[in-house]
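Now for the letters of each chain:
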Amino acid sequence: MADEKNNKINEDEIKELEEIKKELDLCKKEKEEYLEGWKRERANFENFRKDEEKRFLEFANNARKKFALKLLPILDNLEFSEKYLTEDDKKNNTIKGFMEVKKQIEQLMKELGVEEINVKEGDKFSEYLHEAIEKKQSEDYKEIVVIEVLQKGYYINKEVLRPAKVKVGIPKQ
């Protein structure tokens, strides 16, 4: 009778252990599902964060470009005016003040990442860097070249912000 009781206890314990094992297997399966879900969400969040960072940088770059484009006409006017200053004009304190403002605007442009496109007479014309405002046809030209810079062009972070406006010489046909 003791053996029957021990067997009964052992059978009950075995059933209980089997139930516990089933629960443990279920818990392991759920744990893996949750862990995989969390990993996916973590990866999705990282992708979202990177996308948002990229969008923010694009927004900041576009704002910087728009701001620089609004400053360029002011800088153009100051440079244009500076060309016609006499030596006496350059001694005038008011004129010195305006030229100091010009230097400050130039410094601000550098801080924004704006650089002047280096264009000089005789350079080969590039549709990417130059905008032809006038053209002069002559047999002296073998290819399309810049003969005069009418307005400076600028890069912002190595991208053309505004092409240089130029007068070009073209070969006579």
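Quick summary incoming for the structure in this document. (Residues numbered from 1 in each chain as written. Predicted model: local features only at pLDDT ≥ 70, side-chain atom pairs only at ≥ 80, totals over all residues. Heavy atoms only, no water.)

### Focus on the nonpolar core
Judged by nonpolar contacts, Ala68, Leu71, Leu72, Leu75, Leu78, Ile105, Met109, Leu112, Val114, Tyr154, Ile156 and Leu161 together constitute the single largest core of 12 residues. Elements with a contribution of two residues or more to this core: α1 (2-83), α3 (93-111) and β4 (154-156). Residues within four places of leucine 72 in sequence aside, it is in contact with Met109, Tyr154, Leu161 and Arg162. (Core = buried A, V, L, I, M, F, W, Y, C linked by side-chain atoms within 4.5 Å. Buried < 20%, exposed > 50% of the residue type's maximum accessible area, 1.4 Å probe, protein only. Helix = DSSP H or I, 4+ residues; strand = E, 2+ residues; numbered from the N terminus. Contact = heavy atoms within 4.5 Å.)

### Some remarks on a negative patch on the surface
Where like charges cluster on the molecular surface, the negative patch consists of Glu11, Asp12, Glu13 and Glu16. By the secondary structure assignment, glutamate 11 is in helix α1. (Patch = residues over 30% accessible without salt bridge, like charges linked within 9 Å, V, L, I, M, F, W, Y side chains within 5 Å. Areas by Shrake-Rupley, 256 points an atom, 1.4 Å probe, with all protein chains shown as cover. Salt bridge = Lys/Arg side-chain N within 4 Å of Asp/Glu carboxyl O. Lys, Arg positive; Asp, Glu negative; His and termini not counted. Charge placed at Lys NZ, Arg CZ, Asp CG, Glu CD.)

### Regarding the sheet that holds strand β6 (residues 164-171)
Within the open sheet, the 3 strands sit side by side as β2-β6-β3. Their pairing is mixed. With one partner strand each, in any of the chains shown, β2 (130-138) and β3 (145-151) form the two edges of the open sheet. Going from strand to strand, the sheet's axes swing by 25° on average, the running direction of each strand aside. With 8 bridges joining them, β2 and β6 adopt parallel strand pairing. Bridge pairing in β6 links serine 138 to proline 171. (Pairing = 2+ DSSP bridges. Axes fitted to C-alpha atoms, helices over the stretch in contact; angles between N-to-C directions.)

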